[in-house]
Amino acid sequence: AAIEGGETLTAADLENMGRSLEWQEQFSGAIDYYDRALQAGVSEPLELRRHIIALRRDRLGASPRELHDLVGQVLRDVGDDRLDMRLWAIEEQLGLLEEQGRLDDGGMLLAENAEHFRESDLRHRFEFLGAWWFYKTGRYDEAEARLRTIRNQVERTDDVNAMTGWLLGRVVMSDGGPQRPLEALSFFEDVLRNHPRGRYATASRVGMAEALSLLERHEEAIAAYDLALEELRTIEGDRLVNRAALAASLGVMADTQRQSGNLEPAVKYARLAVGLVDREKIEHATLVLQQFAQTAALWAEQRRKEASSLREELEASAADAALAEAFSLFAEAAATHLELAKMNTLNERRASESSWQAAELYAKAGDTPRAVQLHQEFVRERPDDPLVPRAWLRIGQLRHGARQFRAAIAAYQECYRRFPRNLDGARALVPLAQCYVGLGADSLELAE
């Protein structure tokens, strides 16, 4: 309205117009106005450029290469009166180089900027980035030595103390040598004791959880992960700590415990990861959900076997509890496979496998009606699938097991009628005869 009345928008007006569009989640339009504000001469151009980069990264999904160029321009333009901005740009560039698989180039970036920080009160933060680069490029001994030196030069209340404590924990827990989870735990606890809030506190909770898991203290590890997740709800995620990184950490812990045969903690870690995963990233979400469903099914099988052993030992109460847990786990795994099937509607093979697994797991959970329903949907929606004969056989078997003889006979007959030369069609004949026997003397001739 002001423009239509003949007014000319100032740089501040243009920036405010961008803010208004950003609030409405019109990010491309917002960036256009921010760019115009920069051309008009805003009072804090570097801050606005940093904000534009964050918008492009977090809201518009700009590529690491595109962001690398934008951050590089900031790095070229920033003067020594804004060393804080230079430090931000260096840290951002290192992260973007890592995403592009070019982290070796980070050494030159750090060398080119070292002189700017030599006499600065930000020198310890800059030296921390050097230690981070050593860690990321596998030079663990150099990283550890530098970090210990920095820690000896800063106060415990300094933020650099939190940064170095977190990274030292990571270094000593790395794969570069014998893992030292107990020592790592002490560093993470020190960070939380002196800096209980902020990104390095949350990152230290994640590290603490991993260290506790390596020490087989799984209940404490789960509690630490829960706290980290709670903190993520109140702080803005970044490259250091975010939902994706937390989900990845949980996935690694779940896989490690599963391979070691520790299925109960593996299920708990995988379950937390499922709650964090972004469903819009279908390939990654599929991997996370599959990991949980498979692990839960394995743990359920083990609990069911334990229930049988306990019953043989006349431990009826414990057996019932174990069996109830097994049924619950089977049902949870089944529901996860159903979600996988819906998520992968464009991948027919994967959707078919997930639908089948869901039906079979509901059967193991004792939910026969749900299992039958899913197998019926399977044969109706996928008439050309190679598993259709097996689905008809399973419908018959499930109804047979529930002593629904006439319904089972109908399914077995359909299986054999439609697939007489298929192995599953042949397999329907003996249980079909057994169902006729179950109906009584009047059906014995049919059974024979």
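Please read these numbers as outputs of a predicted model, since none were measured by experiment.

Each value, and the rule that gives it
Once a new chain begins, its residue numbering starts again from 1 and follows that chain's sequence as written. Residue-level local features of this predicted model are given only where pLDDT is at least 70; pairs of side-chain atoms are given and counted only at 80 or more, and the full residue set underlies all totals for whole chains, interfaces and linings. Think of the side-chain values as coming from all heavy atoms in the structure, minus any hydrogens and water. Numbering goes from the N terminus for both helices and strands, where a helix is a DSSP run of H or I of at least four residues and a strand is a run of E of at least two. Type-normalised accessible area, obtained with a 1.4 Å probe on protein chains alone, sets the label of each residue: buried when under 20%, exposed when over 50%, and partly exposed for intermediate values. Just to be clear on terms, a salt bridge is a Lys or Arg side-chain nitrogen sitting within 4 Å of an Asp or Glu carboxyl oxygen. Any pair of Phe, Tyr and Trp rings, taking the six-membered ring for Trp, is counted once the centres come within 6.5 Å. Such a pair is stacked with planes under 30 degrees apart, edge-to-face with planes over 60 apart, and tilted for the rest. Geometrically, a charge over a ring is one whose NZ (Lys) or CZ (Arg) sits within 6 Å of the ring centre while staying within 35 degrees of the ring normal. Take the buried Ala, Val, Leu, Ile, Met, Phe, Trp, Tyr and Cys residues and link them wherever side-chain atoms come within 4.5 Å; each set so joined is a nonpolar core. We define a polar contact as two N or O atoms separated by no more than 3.5 Å, with the added condition that, inside protein, one atom must be a possible hydrogen donor and the other a possible acceptor, whereas residues neighbouring each other in sequence contribute only through side-chain atom pairs.

Enquirer: Can you lay out the environment of arginine 193 for me, pointing to particular residues and giving the numbers?
Expert: Take arginine 193: it is sitting in helix H10 (residues 181-194). The exposure class assigned to arginine 193 is exposed, which follows from its relative accessible area of 57%. Separated by 31 residues in sequence, arginine 193 and alanine 162 place their C-alpha atoms 9.7 Å apart.

Enquirer: I'd like a rundown of the pattern of salt bridges, residues and numbers included.
Expert: On inspection of all chains with the given rule, the structure shows 47 salt bridges. The partner of glutamate 91 in a salt bridge is arginine 199, and the shortest N-O contact between them spans 3.9 Å. Separated by 108 residues along the polypeptide, glutamate 91 in helix H5 (residues 83-99) and arginine 199 in helix H11 (residues 199-214) bring together distant segments of the chain. On the accessibility criterion, glutamate 91 (32% relative accessible area) is partly exposed. Of the charged contacts, one joins glutamate 231 and arginine 205 as a salt bridge, the two residues approaching to 2.5 Å between their closest N and O atoms. Of the two residues, glutamate 231 is situated in helix H12 (residues 218-232) and arginine 205 in helix H11; the sequence distance between them amounts to 26 residues. Taken together, the shared-partner salt bridges connect Glu44, Glu47, Arg50, Arg82 and Asp84 into one network.

Enquirer: A description of the packing of aromatic side chains should follow, citing residues and the corresponding values.
Expert: Here the structure, examined in full by the defined rule, presents 7 aromatic pairs. An aromatic cluster is defined as three or more aromatic residues linked by ring pairs; in this entry it consists of Phe128, Trp166 and Tyr200. In this structure, arginine 50 packs its charged tip against the face of tryptophan 88, placed 5.4 Å from the ring centre.

Enquirer: Give me the nonpolar core: which residues, what numbers.
Expert: Membership of the largest hydrophobic core comes to 125 residues, with the highest contact counts inside it found for Ile90, Leu167, Tyr225 and Leu246. Here this core gets 9 residues from one element, more than from any other, and that element is H5.

Enquirer: Please set out the side chain of arginine 303 residue by residue, giving values where relevant.
Expert: Within the secondary structure layout, arginine 303 lies in helix H15 (residues 282-312). Assessed through its relative accessible area of 16%, arginine 303 is described here as buried. Within the structure, the side chain of arginine 303 is placed 2.8 Å from the side chain of glutamate 325, a separation counted as a polar contact.

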